[in-house]
Every structure is written in C-alpha cells, then in structure tokens.
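# Summary of structural features
Letter by letter, the chains look like this.
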Amino acid sequence: MYRIGIDVGGTNTDAVLMDEKNNVLSSVKSHTTLDIESGISNALKELIKNTTVDPKDISQAMLGTTQCTNAIVERKKLAKVGVIRLGYPASASVKPYAEWPEDVVKTISGNYALVHGGYEFDGSLLTAIDDEEIIDVLKNWQNKVESIAIVGIFSALHNDQELHVQELVRKVLGDKIPVSLSSSIGSIGIITRENATILNASLFKVIHQVTTGFSKSLIESGVTNAKLFLCQNDGTLMSIEFSEKYPILTIGSGPTNSIRGASYLAHKSNALVLDVGGTTSDIGVLSNGFPRQSSIAVSVGGINTNFRMPDILSIGIGGGSIVRELPNGDVTVGPDSVGYEIEDKAVVFGGNVITTTDIAVKEGLAQVGDRQLTNQIDNNLSKKALLKIQSSIEDALDKMKTSSKDIDLILVGGGSIIIPEGIKGVRQVFKYDHGNVANAIGATIAQISGEYEKIYQYDSIPRDDALNDAEENANSQAIVAGANKNSLKMVDIEEIPLAYAPGRTTRLKIKVVGDAS
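Computed from a prediction, not measured in an experiment: that's the story for all the values here. (Residues numbered from 1 in each chain as written. Predicted model: local features only at pLDDT ≥ 70, side-chain atom pairs only at ≥ 80, totals over all residues. Heavy atoms only, no water.)

## So, the overall build of the chain
For clarity, the cut-off: Each helix is a run of DSSP H or I of at least 4 residues and each strand a run of E of at least 2, with the numbering of both proceeding from the N terminus. The quantity called the radius of gyration is restricted to C-alpha atoms. Its globule counterpart is 2.2 Å times the number of residues to the power 0.38. For every residue, the accessible area obtained with a 1.4 Å probe (protein chains only) is divided by the maximum for its type, and the residue is called buried under 20%, exposed over 50%, and partly exposed between those limits. Any pair of residues with heavy atoms lying within 4.5 Å of one another is described as a contacting pair. Method for areas: the Shrake-Rupley scheme with a 1.4 Å probe, in which residue coverage is limited to the protein chains shown. When charges are counted, neither His nor the chain ends are considered; positive counts come from Lys and Arg and negative counts from Asp and Glu. The location of each charge is read from NZ of Lys, CZ of Arg, CG of Asp or CD of Glu.
In terms of helices and strands, the chain carries 14 helices and 23 strands. Taking 2.2 N^0.38 as the reference for a compact globule, 517 residues should give roughly 24 Å; the C-alpha atoms of the chain span a radius of gyration of 24 Å, in line with that estimate. Expressed as a percentage of the 517 residues in the chain, the buried residues total 53%. Expressed as a percentage of contacts within the chain between residues at least 6 apart in sequence, the contacts between residues at least 24 apart total 67%. Here the chain displays about 22,400 Å² of accessible surface, and carbon together with sulfur accounts for 47% of that area. The chain carries 48 positive and 62 negative side-chain charges, and their two centres are separated by 2 Å.

## Some remarks on the nonpolar core
Applicable threshold: Take the buried Ala, Val, Leu, Ile, Met, Phe, Trp, Tyr and Cys residues and link them wherever side-chain atoms come within 4.5 Å; each set so joined is a nonpolar core.
Ranked by size, the top nonpolar core spans 74 residues in total, and within it Ile4, Ile6, Ile72 and Phe214 carry the most contacts. With residues near it in sequence (within four places) discarded, Ile6 still touches Thr13, Asp14, Ala15, Ile40, Leu44, Met62, Leu63, Gly64, Phe214 and Ala443. Core analysis: the second largest hydrophobic core is formed by 37 residues, Leu272, Val333, Leu381 and Leu409 among them.

## Digging into the environment of Glu37
Mapped onto the fold, Glu37 is located in helix H1 (residues 37-49). According to the relative accessible area criterion, Glu37 is partly exposed, its value standing at 26%. As for Glu37 and Arg292, which are separated by 255 residues in sequence, their C-alpha atoms are 31 Å apart.

## Brief notes about the sheet that holds strand S22 (residues 489-497)
Counted only if it meets this: Criterion used throughout: strands pair if DSSP finds at least two bridges between them. Between N-to-C directions, angles cover 0 to 180 degrees, with each direction set by a line fitted to C-alpha atoms, over the stretch in contact for helices.
Read from one edge to the other, the open sheet built from 9 strands follows the order S3-S2-S1-S4-S9-S10-S21-S23-S22, with strand pairing classed as mixed. Looking at the sheet topology across the chains shown, the edges are occupied by strand S3 (24-31) and S22. Averaged over all neighbouring strand pairs, the angle between strand axes comes to 30°, with direction disregarded. Sheet topology places strand S1 (residues 2-8) next to strand S2 (residues 12-18); 6 bridges connect them, and they run antiparallel. Note on S2: the bridge partner recorded for Ile6 is Ala15. Against the sheet, H1 touches S1, S2, S3 and strand S4 (58-65), its axis set at about 145° to S3. Here helix H7 (residues 204-220) sits on the sheet and contacts S1, S4 and strand S9 (227-231); the angle it forms with S9, its principal contact strand, is near 135°.

What follows is the structure in structure tokens.
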C-alpha cells in the first residue's frame with residue numbers, strides 16, 4: 001500500500017511518497033503556484049517520476065492546505081451567508097457578527113435573523129421554535145444568500161432544533177444549499193461557536209475548488225485508485241466528503257502537519273518543533289505525539305472562534321526573509337520575504353536582494369547557490385543579521401517553553417538552513433534528511449479523529465454511562481470522517497466540573513483516533 005502526502009504552503013508545495021512501513025520513497029519540494037492546482041500537479045509528476053511505483057498502486061492521498069485560512073485573511077472567494085440564531089429574545093442583547101471586522105461582514109452579506117428557540121444550560125427548553133417565523137426569513141433570503149448557518153443556544157447539549165431548522169431550509173431553499181450546524185462545529189459558548197459556524201458556511205466554495213483541483217491533479221498524474229483525505233488542524237485527517245461539510249477544520253493544518261512529521265522523523269513524542277519556511281518560522285510543542293492545543297480562543301482573520309487549534313507561535317523570519325541595514329547601523333531581518341522568487345532575487349542565485357539564505361551561505365551554515373557571490377555582502381552586516389536571527393529564535397522558543405530547563409528541539413522546514421548552532425535554552429537539536437518536507441510527511445502518516453463534547457449531570461446519568469455515551473458519539477464522528485471502526489482508540493479525555501451548576505454538572509470532551517479505512 002502506497003500513500004502520497006501533499007502540503008501546500010504560501011511559498012512551496014511539498015510532496016512525499018511512502019510505503020506501508022512508512023518509509024519515504026520519494027520527496028519533492030516545488031514552488032506553489034497562483035492557481036494551486038498546477039503547483040500540485042507539478043509536484044505529483046516529479047514525485048512519481050522519481051520512483052518505480054505504479055501510480056495505480058497508490059491507495060491513499062492526503063492534502064494539507066492553507067487555502068481556507070487565506071480566503072478569510074484576504075476576504076476573497078467567501079460565500080454569502082444567512083445566519084439563523086435560535087434564541088430570541090434571550091440572546092438579543094448581542095447580535096451575530098458582534099466585533100467582526102466590517103470588511104468581512106460586508107463580504108459575506110451580514111444577513112442574520114434572531115428567531116425563537118434554544119435551551120437552558122441544563123437542557124430544559126428555553127423557547128419553542130416557530131416554523132412560520134423561520135420560513136418567512138428563508139423566503140426573504142431567496143437569491144440573497146449562498147449558504148446557511150444555524151446556531152442554537154446550548155445546542156451542544158441538544159441539537160434537535162438545529163436539525164429541524166435544517167429540514168425547513170431544505171424545503172424552502174432546496175437540497176443543494178450548504179447548511180452549517182453549530183452543534184457539529186463548536187462547543188459551549190454561543191458567540192465563538194456562532195463565529196466558527198458562520199466562517200464554516202462561508203468557505204464551501206473555497207473548499208470545493210480545493211478538493212476538485214486535488215482530484216483532477218491526481219487523475220492527471222495517473223493516481224486513479226486512491227482514497228482522498230484532507231488534513232485537519234488537530235493533526236488528523238478527514239475524508240473529502242467530510243471536508244466539504246466542515247472546511248473550517250482545515251485551518252491551521254500546515255503547522256500541525258510539520259509537528260506530526262517532526263515527531264515521526266525524530267521518534268519523539270515530547271519536544272519543541274521549529275518549522276522554518278520561506279517567510280515565517282512556526283514553533284509548536286509535541287505532547288504525546290500530537291500538537292499541544294491552544295487553551296485560549298483562536299482568532300482567524302480578526303474573528304474569535306472556539307474550535308480546536310494547535311498552540312503555534314509564528315515569527316516573521318524564514319529562508320527568504322529580506323535583510324536590511326538601517327542608517328544607524330542596525331540590521332532588520334524580515335518580516336517581508338522574497339518568497340517563491342528566492343531563486344531569482346537572492347544574492348547566491350545572482351539576484352540583488354540580501355536574504356537570510358545569503359547570510360547562512362556566507363557564514364558557512366549552508367551550501368546553496370554560489371557562495372562567491374556573497375562576497376559583496378558586508379561582513380559586519382552578515383554577522384549582525386546572524387545574531388538577529390539567533391536572538392529572535394531564542395526569544396520565541398523561550399515563550400513556548402513550560403519550564404526554564406533546556407529542551408530538545410526538532411528542526412524542520414526548507415528554510416532551516418538559516419538557523420545557527422548554539423541556540424540558548426536548547427539541549428539538543430535534531431535534524432533529518434527529509435526534514436525539509438516534514439509537513440508532507442505529517443500529512444501522509446496522519447490518522448482520522450472524532451471528537452465529542454457535552455454537558456452531563458452525573459446525578460442523573462452515572463459517570464461511566466456518560467463516558468460511554470461520549471465515546472460512542474466520538475467514534476461515530478470518526479467513522480463518518482473516514483476512519484476504520486476496528487482501529488479506533490481513545491487518546492484524550494477532558495472533564496471539567498461546572499462549579500455553580502446543580503447535579504454534579506460536568507463538561508465532558510472525548511477524542512478518538514483511528515486509521516483511514
């Protein structure tokens with residue numbers, strides 16, 4: 001069984017081919033193209049050309065992409081969304097799109113309706129839903145919206161109202177309009193869950209373009225028998241069909257893939273990972289083989305959400321970062337970069353822009369291009385730039401450490417050649433032959449996950465029964481996402497007692513992972 005993993009970054013598209021024993025048979029790093037699809041095709045053709053593997057023998061193909069993140073940040077390709085919040089009048093004081101950047105609201109239409117419905121925290125009914133009220137809203141939105149986001153107060157406890165409204169949407173607007181349910185996307189917390197649901201609803205056109213381009217690229221390369229998966233932001237996979245329902249889950253998958261790939265290369269479950277790309281360096285923490293998750297609300301394009309995301313610190317230093325000397329003699333490194341134009345603009349390749357790669361070559365850290373061309377770079381400038389790189393990396397690593405002790409550091413990414421030796425606070429640095437494509441390796445070895453969260457009252461339902469119920473629901477979600485049910489195992493359980501709620505009320509969250517079916 002052969003597998004392909006592809007990771008599309010802002011500068012490079014990386015691809016690897018692995019066998020059933022997770023040996024890397026071939027790897028490619030090529031430039032990302034504006035249309036994305038041709039960049040993937042170029043990488044696939046080069047990847048397959050370097051091996052004797054028959055493309056028809058490749059059974060799985062995984063893709064990690066930043067396209068959904070870029071669409072939100074750039075405010076491009078987003079769909080017009082209609083938001084139905086079930087919770088009137090209780091939630092009327094804070095409207096949907098509260099604290100959203102105005103340009104995003106304008107892009108996705110800003111249409112919303114507050115209607116009756118919702119539940120109390122203990123699962124009791126807040127107000128009943130009014131079918132006619134909702135139907136009137138939907139009729140008014142005909143030809144004005146391209147997707148619907150349905151959000152109910154405490155729908156994470158009971159999602160029957162959201163499901164009922166979804167049926168009304170189908171009757172009024174047809175079966176083809178995408179519908180996002182907040183109970184399937186976020187957890188407790190109405191505003192951040194609503195935000196994530198709206199973003200999810202706005203991304204269906206973007207993800208469809210990505211999955212269609214991925215499928216076409218594979219077929220053109222002769223990979224016709226592979227099951228296709230997309231990478232999630234928690235280091236696991238989901239099927240193409242699942243990704244088109246939940247595109248928001250692809251956000252943050254790039255850094256996550258690098259961390260998982262680094263774990264595989266180093267055979268380590270706990271360490272810091274430094275992934276140096278062409279424009280930025282991402283620092284993450286390996287905890288039991290998976291990325292440490294952020295404990296605070298994650299902002300995407302200026303919008304607060306509450307879905308799972310890796311705890312990543314990014315700094316504007318990469319292999320293509322531009323180095324400048326200021327009039328006072330100081331030196332700046334980044335945050336701007338030559339990106340995928342490095343082979344045209346960097347000094348070592350005959351260009352006239354001094355980059356961090358030029359500094360690394362001049363200082364003997366790397367052998368890239370023509371070192372003699374770096375003689376034109378002033379020695380003092382070079383040494384100051386190297387110290388700047390080192391101090392920036394040391395400061396960033398210090399922010400991600402959980403103790404003052406020296407740590408192990410796994411160094412990956414195509415721009416890792418710019419990192420000097422002797423980083424303070426680091427016990428040992430691990431580098432590997434395929435470290436420059438660690439993100440694609442992480443995509444290839446990923447498993448499929450399922451996660452379920454609910455509030456239970458242990459006085460009403462015994463704890464063991466609640467655990468079993470949550471695990472069954474997590475297993476069901478993983479199977480829908482494409483996991484083999486016989487391979488599922490629980491990897492994380494979180495219980496948080498709610499102090500002022502009666503009946504030993506507890507917020508329970510369970511995560512399971514399994515192999516792709």
